[in-house]
Amino acid sequence: MSNDDMKKAVARAALEYLDEYDMLIGMGTGSTVNHFIDLLSTVKSRVDAVVSSSEATTAKLKAHGFHVKDLNQTGDILLYFDGADECDAHNRLIKGGGGALTREKVLAEAAEKFICLIDETKRVDILGGFPLPVEVIPMARSLVARKLVALGGQPVFRQGFVTDNGNEIIDVKNLTITDPISLEQQINAISGVVSNGLFARRGADITLIADSQGQVTTQK
């Protein structure tokens, strides 16, 4: 089974969490989420409105006829669905490969339950194999990069990319993240950092993991 087929399998499994009608949900960004949106369109009556984490997701949701609301209009949301670039055994994540990490982190914070959808290739013992994205305001890019070097990372500027918030991304390589909560807090404390892609303080509540046979397991 291909990676894309695994993403479709885990997206199908996530539909089971829509156990009410007229729900307000949050939606992340990425290829797995795109499969989930496609499937969600077949049970549209269960969804009253969606809060989106990116302009790309908003466009896809609207193309399927979903009502997209701003978080400022809604207050907290019941369920938030999103993928991840890495996930450990404690549902702590690295996210942000698509560059939407800040808005994704806001929606995770606002959600009563965060459901993460991954395939087995994203499951790791220790976070850090995937470069850690850090969103920065443009004037602080070099300053933040120097601070990240002091933390043991190798920062690489993501050329030609601007976030939906008008900021830039530094991808930090060569990190072995044994204390994700502490590192998340350290990086967020650097002046000029908007947010970083460690979802450790507020990780997923449930991670659905599809394997190469199309079976989906639940990690709580």
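The sections below set out a description of the structure shown in this document.

## Describing helix H6 (residues 141–150)
Of the residues making up H6, those classed as buried are Val144, Ala145 and Leu148. Looking down the long axis of H6, one finds its buried residues gathered within 105° of arc, a one-sided arrangement. When the buried face of H6 is taken as reference, the exposed residues oriented beyond 90 degrees from it are Arg146 and Ala150. Along its buried surface, H6 packs onto strand S8 (132–136), strand S9 (154–157), strand S10 (168–173), helix H7 (180–188) and strand S11 (193–196). Gly152 lies just past H6 and shows a positive phi near 100°.

## Structural notes on the packing of aromatic side chains
Scanning all chains against the criterion turns up two aromatic pairs. Here Phe36 and Phe81 contribute two aromatic rings whose centre-to-centre distance is 4.6 Å and whose plane-to-plane angle is 35°, an arrangement assigned as tilted. Of this pair, Phe36 sits in helix H2 (residues 31–40) while Phe81 sits in strand S4 (residues 77–82), and the two are 45 residues apart along the sequence. Considered together, Phe36 and Phe81 belong to a single accessibility category, that of buried residues. When the centroid spacing of 5.1 Å and the interplanar angle of 45° are considered together, the rings of Tyr80 and Phe114 count as tilted.

## Regarding the side chain of Asp171
Within the secondary structure, Asp171 sits in strand S10. The class for Asp171 is buried, based on a relative accessible area of 14%. At a separation of 2.7 Å, a polar atom in the side chain of Asp171 contacts the side chain of Arg158. For Asp171, the residues in contact, after removing those within four places along its chain, are Pro131, Leu132, Pro133, Gln154, Pro155, Val156 and Arg158.

## Comments concerning the environment of Ala110
Inspection of the secondary structure assignment puts Ala110 in helix H5 (residues 101–110). Sequence separation between Ala110 and Met1 is 109 residues; the distance between their C-alpha atoms is 35 Å. With near-sequence residues (within four places) excluded, Ala110 lies in contact with Leu71, Asp76 and Ile77.

## A short note on the sheet that holds S9
With antiparallel pairing, the four strands of this open sheet are ordered in space as S9-S10-S8-S11. The open sheet terminates on both sides in strands that have one partner only, identified here as S9 and S11. Between one strand axis and the next, the sheet turns by 30° as a mean value, whatever way the strands run. For S8 and S10, the ladder comprises five bridges, and the chain directions are antiparallel. Bridge pairing in S10 links Leu132 to Val172. Each of S8, S9, S10 and S11 is contacted by H6, which is oriented at about 15° to S10, the strand it contacts most. Strand contacts of H7: S8 and S11, with the helix running at about 165° to S11, the strand carrying the most contacts.

About the criteria used
- Residues numbered from 1 in each chain as written.
- Predicted model: local features only at pLDDT ≥ 70, side-chain atom pairs only at ≥ 80, totals over all residues.
- Heavy atoms only, no water.
- Buried < 20%, exposed > 50% of the residue type's maximum accessible area, 1.4 Å probe, protein only.
- Helix = DSSP H or I, 4+ residues; strand = E, 2+ residues; numbered from the N terminus.
- Arc of directions from axis to C-beta.
- Contact = heavy atoms within 4.5 Å.
- Phe/Tyr/Trp six-rings, centres within 6.5 Å; stacked < 30°, edge-to-face > 60°.
- Polar contact = N/O pair within 3.5 Å; in protein donor to acceptor, adjacent residues only side chain to side chain.
- Pairing = 2+ DSSP bridges.
- Axes fitted to C-alpha atoms, helices over the stretch in contact; angles between N-to-C directions.

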